[in-house]
Amino acid sequence: MPEQARFCPHCGVPTTPQSPTEERKIATILFADLVGSTELGRSQDPEQTRAMLDRFYEAMRIEVEAAGGTVEKFVGDAVMAAFGTPTAHEDDAERALRAGVAMRRKLHELFGDQLALRIGVNTGEVVVGRAREGSSFVTGDAVNIAARLEQTAAPGEIIVGERTASGAFGAFEFSDAETVDVKGRHRGVVRRRLIREFKEGRARGFGNLPRVFVGREGELDSLLDAYRQTVAVGRPRLLTIVGEAGVGKTALASRLWERLDGESPAPLRLVGRCPSYGGITYAPFAEMLRSTLHLLESDDPATVLERLGGQPILGLTLGLDVAGNLHPLVARERLQEAWVDLLGQLGRERPLLIILEDLHWGEEPLLGLVERIISDLQAPLMVLATARPDLPDRLHARLAESGTWLELDLLTQRDSRRLLQELLAADLPSAVREEVLARAEGNPFFLEELLAALIDGGVLRPEAEGWRAAPLPDAFVIPDSVHAAIASRVDLLDRPEKEALQAAAVIGRVFWTSAVYELLPDVTPDFRMLESRGFIRRRPQSALEGEREYGIKHALTREVAYSSVPKARRAHLHARFAEWLERLGTGRDEHASLLAHHYAEAVDGEAFNLAWSREPQEGERLQDKAATWLRRAAELAIGRYEIDDALALLERVLALTRDDAERAGVWRTIGRACALKHDGEGFWTAMRFAIDATDTTTDPQTVAEMYAALALQTALRPAMWKRNPDRELVDGWIERAVALAPANTRARAEAVLARAFWDRLDSEADDDAREGAAIAKELGAVDLRSYAFSARALVALASSAYEEAEEATRRRLALLSEISDPDHRADIYWSAVVVNSALGRLAEARRLARLNDEINSLLTPHHRVHGIAARVRVDELGGRWDVIRDLQRDAESRVAANVDTPCSDNVFCLLVCALACAELGDQSEAARLERAADDLGIEGYIGEHAGPRIRLALSRGELGLVDELVCALKEQKLRGGRSSLSTGAARIDGLVALGRASEVEEEAVESPGARGVRA
Ligand SMILES: Nc1ncnc2c1ncn2[C@@H]1O[C@H](COP(=O)(O)OP(=O)(O)OP(=O)(O)O)[C@@H](O)[C@H]1O
Ligand SMILES: [Mg+2]
């Protein structure tokens, strides 16, 4: 083996030592079992059998290793081999199958028909144990399945698992997939039979989609320039395109190839590739020689020599033994001269272009040949090489000496979009499109493979016109092809850098060098190496003061590196990083979510058992840390109105909390968060859990606080339930809160204010509102004061005390300067809208509704619906149908975004829009909107919804329906329910149309005041 070789030239295994720790990998496992040996054993001497088995083992080992695999073990007369461990290649599935075919062939050569092999091959996730003398210890379900598949094979057959087959399609032909029963697998296992091997490797890109090319205009121009200059000068030149795997080096080179058709004279174009493993040193030149001399791989040496004519030494390129007694160095010299001659002859007639692919896999002598050609040839030749940044340093230096570089970067965002569009020849649903673009990050190979995985997985289905997408699965699995492309590059790294990349992956997409040192006390990685290989990028600024910050270039690289770290080790690394960060920032809030994430990952379900079962105290300590930081992060998220994020964090806290009182506290926070996003059910459930977890006898104060919160939020936000909660239920909460809360406490104030809002027509409501206001003032609680004014205004409105209502509203608006909570500020404007509408000041109501919407628009989807609902409500009162029609699109899209949290305003908005359409004569659109409102399945808000419904029925002349709605309103009123202003008005119109005007008059006497009720 050459001294500096990074790989064994025969098997492609790196010569540098690999990580000694455990790793998770995707590997391909091969089982081969000898059939017929027992019979043979019976008929011959045991010593002979023994010698025969030794020959068998040795022969199989050679075949496995030649394909880049490792023999795991020999059991009886079976062999187990693994591909992808200890070192991953991009084509491990293919390598395993080629090894299988070669093993079968070899066995036949050695033993004829006496013996046969049954082979099973399967790919999957495994854990690789500590390497032992070049071997490794592989465990995982994939191994068991490979063994089971082998048992289903007939003698001489190679049976392949589905994941292996899909990794090797194009390189092999397989039978159709079939499911077979195997022991311990009730659903059976899918298998295919290997039919035959194709000689050429498989091409990239996928079969059913068009081949397209986007962008790269600048690069193409400069390649074309370089070519023309070469021709003008009449001398050779070397240009290397360098870029990460899949970025498009080959595609760019082929594009140039096609472009040169247009040159006159068109050049002679040759292409040669360096294979990823083994093979002959001069493989790319062998390929070119065969194509120029029209030789076939199957031609025998005599034919080849005849074609080589006067230059038999060129046969060395093809691996022929033509050097005779020449000293190897002399033979090499001659070979180089012969190539210079040959190209000289070819270049006499027209210019030459050689595309030399994948030079990072090239060997030293190959480069020597290229250098010789560049220096000695007297003809216009452009050698266009492609290489990944993994190019060994020494090759790097030599290439730089004899040629120039073109660094190929990722595709721009615009070009990636175009690529996606052109590949599918149609638009994708935007969620899928954005996800694919985000994950591919400008790497066209990743993009194509991610897309192919979605198509294979049935997420994307072709239709007559474009594509239909099922919802994206939660875990967007990395395709094996992409995983392999990345994993193989990671495995090329030396141990310190590889471990550093893995540790960085645990830290995140962005990491800091000191943190990596902290995580890996025994390792000294070279970050510049990781940078020059294109794995990471230095970031100009750092989020942590004084710390050098890097980013992992691709999110997919991070995922692959992360997934290679065993879960137990991940947990330890997460914990170590969190502690480092906590020390560094002495626990500052700005790190809260990062700390929460890392502590939580350190003790996450499965990881907890794997990592801490032997150190339970440490495990519990970390759990407490995780809970503390998750809660803090959740509080901060609530403060930013990132309610769903907050809820996800709190959910994790619950799983970690061992103490009841603490758990009750978490549930209270969950309840508050649910109320903020108007999720009534979630709020109620959370509060019930909180109350259940609290002992009323020992802690009545806390229980009172919880009932008070439950009651007040429900009274303030009655719109958050899919079905209005029963009055009795809410009455019960209020009673409990009032009974348990000591005088002059916040809980007491909340309880009485809740009662005031809830029983707005109650004669005592005003007393409640005043008591609430007094306590709030005493406690200096400006939020409660504001709610108290709101209660007083609405109570006053209900009893037609307009001046009082106006005064309370004015004073509430004056508190705006002291209240920063946006949800509360929006509520202040909202109640002012209600009061001004009731007073008939529609222009002012409209202005306030806009201010209300401005705030709501920045909050949750639910708030956004409230924002637009308040606006259409005012315009409905004013009969401004054109204006509502203009708002319709916006209203519909806000409702669509809010279907997950029930809201009576969802229905209300659609109904009012329907009404506007009907009023403007578009009955079919009105009907569509009304159906959409019905489809939301929200019941029990008759006081709010009957208004537009009555008017819609009137517009269609459906008096029966009008009658039903009027009756329903009457019943609701008997139960103590209330109606909105517009419903009240619509009801009167309905009664008139029904010829029951007398009831209208009674109505007028009974209830002179207009009532504003929030939906
Ligand atoms: N500019 C482009 N427009 C459209 N498709 C592209 C473009 N560049 C690359 N592709 C596609 O992306 C895939 C990967 O490209 P290519 O094989 O050229 O990458 P590479 O850089 O040569 O990778 P490797 O280092 O693995 O050889 C191919 O299927 C190719 O067709
Ligand atoms: Mg390529």
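Residues numbered from 1 in each chain as written. Chains lettered and ligands numbered in written order. Predicted model: local features only at pLDDT ≥ 70, side-chain atom pairs only at ≥ 80, totals over all residues. Heavy atoms only, no water.

**Some words on the overall build of the protein chain**
Right, on to step 1. Assigned secondary structure in the protein chain consists of 43 helices and 19 strands.
Right, on to step 2. Along the first, second and third principal axes, the C-alpha set of the protein chain runs to 125 × 70 × 60 Å.
Right, on to step 3. Contacts in the protein chain between residues far apart in sequence, at least 24 positions, make up 70% of those at least 6 positions apart.
Right, on to step 4. Of the roughly 45,100 Å² that the protein chain leaves accessible, carbon and sulfur atoms contribute 49%.
Right, on to step 5. Of note, the protein chain has its 127 positive side-chain charges centred 1 Å away from the centre of its 161 negative side-chain charges. (Helix = DSSP H or I, 4+ residues; strand = E, 2+ residues; numbered from the N terminus. Contact = heavy atoms within 4.5 Å. Areas by Shrake-Rupley, 256 points an atom, 1.4 Å probe, with all protein chains shown as cover. Lys, Arg positive; Asp, Glu negative; His and termini not counted. Charge placed at Lys NZ, Arg CZ, Asp CG, Glu CD.)

**Brief notes about the site of ligand 1**
Right, on to step 1. Close to ligand 1 lie 21 residues, the nearest being G246, K249, A251, R388 and E448.
Right, on to step 2. One nitrogen or oxygen atom from the main chain of V247 is found 3.3 Å from an oxygen atom belonging to ligand 1.
Right, on to step 3. For ligand 1, an oxygen atom lies 2.7 Å from a polar atom in the side chain of R388.
Right, on to step 4. When ligand 1 sits alone it has 630 Å² of accessible area, and the protein chains cover 95% of it. (Near = heavy atom within 4 Å. Polar contact = N/O pair within 3.5 Å; in protein donor to acceptor, adjacent residues only side chain to side chain.)

**Side note on the packing of helix 32 (residues 782-798) against helix 33 (residues 802-814)**
Right, on to step 1. Their axes nearest at 8 Å, the elements helix 32 and helix 33 cross at an angle of 160°. Viewed along their axes, helix 32 and helix 33 adopt a mutual orientation that is roughly antiparallel. Helix 33 is crossed by helix 32, and the crossing has left-handed handedness. On helix 33, the residues touching S786, Y787, F789, S790, R792, A793, A796 and L797 of helix 32 are Y802, E804, A805, A808, T809, R811 and R812.
Right, on to step 2. Its residues assigned to classes, the contact of helix 32 with helix 33 shows eight nonpolar, three polar and four charged. (Axes fitted to C-alpha atoms, helices over the stretch in contact; angles between N-to-C directions. Parallel < 35°, antiparallel > 145°, perpendicular 65-115°, else oblique. Left-handed = near helix turned anticlockwise from the far one by under 90°. Nonpolar A, V, L, I, M, F, W, Y, C, P; charged D, E, K, R; others polar.)

**Topic: the sheet that holds strand 12 (residues 352-357)**
Right, on to step 1. Spatially, five strands are ordered 11-12-13-10-14 in an open sheet, and the strand pairing comes out parallel. Whereas interior strands pair on both sides, the edge strands pair on one side only; in this sheet they are strand 11 (268-273) and strand 14 (403-407). Going across the sheet, the axis of each strand differs from the next one's by a mean of 20°, ignoring polarity.
Right, on to step 2. With six bridges joining them, strand 11 and strand 12 adopt parallel strand pairing. The residue of strand 12 that forms the bridge with R269 is L353. (Pairing = 2+ DSSP bridges.)

**Regarding the pattern of salt bridges**
Right, on to step 1. According to the stated counting rule, one finds 75 salt bridges in the structure shown.
Right, on to step 2. For R372, the salt bridge is made with D376, and the minimal N-O distance between the two is 2.6 Å. One end of the pair, R372, and the other, D376, are both in helix 11 (residues 364-376), four residues apart, so they sit about a helical turn from each other.
Right, on to step 3. Look at D376 and you get partly exposed, because its relative accessible area is 34%. (Salt bridge = Lys/Arg side-chain N within 4 Å of Asp/Glu carboxyl O. Buried < 20%, exposed > 50% of the residue type's maximum accessible area, 1.4 Å probe, protein only.)

**Describing the nonpolar core**
Right, on to step 1. Core analysis: the largest hydrophobic core is formed by 163 residues, its most contacted members being F511, V516, I536 and I670.
Right, on to step 2. For this core, the element with the highest residue contribution is helix 28 (residues 700-716), accounting for ten residues.
Right, on to step 3. Look past the residues within four positions of F511 in its chain and what remains in contact with it is A504, V516, F527, I536, R548, E549, Y550, G551 and I552.
Right, on to step 4. Listed in part, the 41 residues of the second largest apolar core include L268, L308, A338 and L369. (Core = buried A, V, L, I, M, F, W, Y, C linked by side-chain atoms within 4.5 Å.)

**A short note on the confidence of the model for the protein chain**
The predicted coordinates should not be examined in detail at positions where pLDDT is low.
Right, on to step 1. Predicted confidence across the protein chain gives a mean pLDDT of 85, with 93% of residues reaching 70 or more.
Right, on to step 2. Per-element confidence in the protein chain ranges from a low mean pLDDT of 67 for helix 43 (residues 997-1006) to a high of 95 for helix 35 (residues 842-856).
Right, on to step 3. Segment residues 1-20 is flagged for pLDDT under 50; beyond a separation of four residues in sequence, or across chains, it makes 46 contacts in the model.
Right, on to step 4. Across residues 1007-1015, where pLDDT falls below 50, the model places 33 contacts with residues more than four positions away in sequence or in other chains. (pLDDT = per-residue confidence, 0-100.)

**Topic: the sheet that holds strand 19 (residues 549-552)**
Right, on to step 1. The three strands are arranged 17-19-18 in an open sheet whose pairing can be described as antiparallel. The sheet is open, and its two edges are formed by strand 17 (510-512) and strand 18 (536-538), each paired on a single side. Neighbouring strand axes in the sheet, compared pairwise and without regard to direction, differ in orientation by 35° on average.

**Looking at helix 30 (residues 746-758)**
Right, on to step 1. Its 13 residues place the ends of helix 30 18 Å apart at the C-alpha level, agreeing with the 18 Å of an ideal helix rising 1.5 Å per residue.
Right, on to step 2. Among the 13 residues that make up helix 30, eleven are buried, leaving the element largely enclosed by the rest of the structure.
Right, on to step 3. Residues of helix 30 that are buried include every one of A747, R748, A749, E750, A751, V752, L753, A754, A756, F757 and W758, and no others.
Right, on to step 4. The elements touched by buried residues of helix 30 are helix 28, helix 29 (727-740), helix 31 (765-779) and helix 32. (Expected span 1.5 Å × (residues − 1).)

**Comments concerning the packing of helix 26 (residues 660-676) against helix 27 (residues 680-692)**
Right, on to step 1. Running from N to C, helix 26 and helix 27 point in directions that differ by 165°, and their axes come no closer than 8 Å. The orientation of helix 26 with respect to helix 27, classified from their angle, is roughly antiparallel. The handedness of the crossing between helix 26 and helix 27 comes out as left-handed. Counted together, A664, W667, R668, I670, G671, C674 and A675 of helix 26 and G682, F683, A686, M687, F689 and A690 of helix 27 form the full contact between these two elements.

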